[in-house]
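# Notes for the structure review
Okay, here's what each chain looks like letter by letter:
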Amino acid sequence: MAFGAQRSPNLAFTGEIHAIYLLSRVQKRGLGRTLMHVAAHGLRDGGHRNASLWAMTENTSALDFYLHLGARPVGTTSFELDGVTVAETALAWDNLATLLSS
Ligand SMILES: CC(C)(COP(=O)(O)OP(=O)(O)OC[C@H]1O[C@@H](n2cnc3c(N)ncnc32)[C@H](O)[C@@H]1OP(=O)(O)O)[C@@H](O)C(=O)NCCC(=O)NCCS
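A short tour of the structure in this document, coming up. (Residues numbered from 1 in each chain as written. Predicted model: local features only at pLDDT ≥ 70, side-chain atom pairs only at ≥ 80, totals over all residues.)

We now examine the overall build of the chain. Each helix and strand in the chain was counted, giving three helices and five strands. Secondary structure elements in the chain, listed N-terminal to C-terminal, are β-β-α-β-α-β-β-α. For a compact globule of 102 residues, the expected C-alpha radius of gyration is about 13 Å, and the chain comes in at 13 Å, within 12% of that figure. Its C-alpha atoms give the chain principal-axis dimensions of roughly 40 × 35 × 20 Å. Buried positions account for 24% of the 102 residues belonging to the chain. Looking at the chain alone, contacts between residues at least 24 apart form 57% of all its contacts between residues at least 6 apart. (Helix = DSSP H or I, 4+ residues; strand = E, 2+ residues; numbered from the N terminus. Rg over C-alpha atoms; globule rule 2.2 N^0.38 Å. Buried ≥ 20, exposed ≤ 12 C-beta atoms within 10 Å, placed from the backbone. Contact = placed C-beta atoms within 7 Å.)

What the five strands build is an open sheet, ordered 1-2-3-5-4; its pairing is mixed. Since the sheet does not close on itself, it has two edges, and those belong to strand 1 (2–5) and strand 4 (72–81), each with one partner. Averaged over all adjacent pairs, the angle separating strand axes in this sheet is 25 degrees, with direction ignored. Packing against the sheet, helix 1 (residues 31–45) makes contact with strand 1, strand 2 (15–19) and strand 3 (51–56), and its axis sits at approximately 25 degrees to strand 1. (Pairing = 2+ DSSP bridges. Axes fitted to C-alpha atoms, helices over the stretch in contact; angles between N-to-C directions.)

Here we take up the site of the ligand. The environment of the ligand is made up of 17 residues, and the closest members are Leu 22, Gln 27, Gly 32, Ala 55 and Asp 64. The residue inventory of the shell around the ligand, partitioned by class, reads seven nonpolar, six polar and four charged. (Near = placed C-beta within 6 Å. Nonpolar A, V, L, I, M, F, W, Y, C, P; charged D, E, K, R; others polar.)

The next thing to look at is unusual backbone geometry. Phi is positive for Lys 28, which is not a glycine, with a value near 65 degrees. With respect to the helices and strands, the residue Lys 28 is situated in the loop between strand 2 and helix 1. Although it is not a glycine, Asp 82 adopts a positive phi angle of roughly 50 degrees. By the secondary structure assignment, Asp 82 is in the loop between strand 4 and strand 5 (84–93).

Attention shifts here to the pairing of strand 3. Here strand 2 runs beside strand 3; their pairing, made up of two bridges, is parallel. The residue bridging Glu 16 from the neighbouring strand is Ser 52, located in strand 3. Crossover connection from strand 2 via helix 1 to parallel strand 3: handedness right-handed. (Right-handed = clockwise from strand over helix to strand, strands pointing away.)

This paragraph deals with the nonpolar core. Taken as a class, soluble globular proteins show a tendency for nonpolar side chains to be buried jointly. Judged by nonpolar contacts, the single largest core of 18 residues is most densely connected at Ala 51, Leu 91 and Ala 92. Sequence-distant contacts of Ala 51, defined by excluding residues within four places in its chain, comprise Phe 13, Gly 15, Glu 16, Ile 17, Leu 43, Ala 92, Trp 93 and Leu 96. (Core = buried A, V, L, I, M, F, W, Y, C linked by C-beta atoms within 7 Å.)

With that settled, the discussion passes to the environment of Ala 71. Mapped onto the elements, Ala 71 comes out in the loop between helix 2 (60–68) and strand 4. Taking the C-alpha atoms as reference points, Ala 71 and Ala 5, 66 residues apart in sequence, are found 18 Å from one another.

This part covers helix 1. Here helix 1 is 15 residues long and its end C-alpha atoms lie 21 Å apart, about the 21 Å a rise of 1.5 Å per residue gives. Gly 32, Met 36, Ala 39, Ala 40 and Leu 43 are the residues of helix 1 that are buried. Along helix 1, the residues classed as buried sweep out an arc of 100 degrees about the axis, all on the same side. Exposed and oriented more than 90 degrees from the buried face of helix 1 are Thr 34 and Asp 45. The elements touched by buried residues of helix 1 are strand 1, strand 2, strand 3, helix 2 and helix 3 (96–100). (Expected span 1.5 Å × (residues − 1). Arc of directions from axis to C-beta.)

In structure tokens:
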């Protein structure tokens, strides 16, 4: 898990959750939500009221997880990796209180 200041200049959210990954053997036990709440508390302590993150668009499981925690889609982008186009979707919480109450 990593979080901090927004890295995308075109997104109007001051905080960003940079990454969250759990080993498959510890998924679906509530740890993901707990880590997202840790990030939300950390971002608020750092002065952020809102936050976004990027997920690969094909990672529908992760997108559904973030939607379940109250995020909304706010943008898309894509980049080339070894000749393959990788699509990403940005999701965001306008108020981190929404994430903390999820
Ligand atoms: C995505 C990930 C962080 C979620 O963490 P997790 O520990 O499995 O999720 P939790 O057990 O905390 O789930 C919390 C809530 O979200 C729900 N949820 C989890 N995954 C979901 C999904 N794919 N679709 C819908 N809801 C989902 C759970 O049912 C639970 O809901 P409830 O308690 O309100 O009933 C974790 O599965 C993971 O690390 N996946 C692999 C790496 C990855 O894709 N990271 C994201 C990269 S952008």
